[in-house]
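Residue strings, one per chain:
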Amino acid sequence: ALLFGHKYIAGNSHLALRILIVAFFVNKISGPAGVVILSSEEKLNKFIPFAFLGAALNVILNLFWIPRYGILGASWATLICAVVLCNIKLSLVRSVLKNENLH
């Protein structure tokens, strides 16, 4: 309330910001995984369909949740997609590193 005013608190914007902060940190956790994925075109091509899936999931969740929950629905959709993509990135990197150790 001190920084943004009482309308900010009354509109649940502070809750949405908290959810988005968690989504930001999830994205930062998987940041180094992105560097490994981007290091070769073959690895990047494996990730592109999953990135498209993550974007599609976000749009679908937003279509359902924004009309019902508003800004909180959009924040939750973003957090869920960030967690899904983080897990996909980490599993792809794990499989890439496992395959490189075999060679």
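Residues numbered from 1 in each chain as written. Predicted model: local features only at pLDDT ≥ 70, side-chain atom pairs only at ≥ 80, totals over all residues. Heavy atoms only, no water.

**Quick notes on the overall build of the protein**
- Assigned secondary structure in the protein consists of five helices and zero strands.
- Tracing the protein from N to C terminus, the helices and strands come up as α-α-α-α-α.
- For the protein, buried positions account for 29% of its 103 residues.
- At a minimum sequence separation of 6, the contacts of the protein that also span at least 24 residues come to 69%.
- For the protein, the computed accessible surface area is about 7200 Å², with 71% contributed by carbon and sulfur atoms. (Helix = DSSP H or I, 4+ residues; strand = E, 2+ residues; numbered from the N terminus. Buried < 20%, exposed > 50% of the residue type's maximum accessible area, 1.4 Å probe, protein only. Contact = heavy atoms within 4.5 Å. Areas by Shrake-Rupley, 256 points an atom, 1.4 Å probe, with all protein chains shown as cover.)

**Here we look at the side chain of S75**
- Tracing the chain through its elements places S75 in helix α5 (residues 71–102).
- Judged by its relative accessible area of 1%, S75 falls in the buried class.
- Non-local contacts of S75, meaning those with residues more than four positions away in its chain, are made with A16, I19 and L20.

**Digging into the packing of aromatic side chains**
- Going through the model one piece at a time under the given rule, you end up with one aromatic pair.
- Relative to F25, the ring of F24 lies with its centre 5.6 Å away and its plane at 70°, an arrangement referred to as edge-to-face.
- Of the residues examined, F24 reaches a relative accessible area of 45% and is grouped as partly exposed. (Phe/Tyr/Trp six-rings, centres within 6.5 Å; stacked < 30°, edge-to-face > 60°.)

**Structural notes on a nonpolar patch on the surface**
- On the surface, L17, I21, F24 and F25 cluster together into a nonpolar patch covering about 380 Å² of accessible area.
- Structurally, F24 is set in helix α2 (residues 13–29). (Patch = residues over 30% accessible without salt bridge, like charges linked within 9 Å, V, L, I, M, F, W, Y side chains within 5 Å. Salt bridge = Lys/Arg side-chain N within 4 Å of Asp/Glu carboxyl O.)

**With respect to the environment of W65**
- With respect to the helices and strands, the residue W65 is situated in helix α4 (residues 41–69).
- Look at W65 and you get partly exposed, because its relative accessible area is 26%.
- On a C-alpha basis, the gap between W65 and A77 in space is 7.7 Å, while along the polypeptide they are 12 residues apart.

**Here's the deal with the environment of L90**
- Structurally, L90 can be placed in helix α5.
- Distance from L90 to S30, taken between C-alpha atoms, is 6.8 Å for residues 60 residues apart in sequence.

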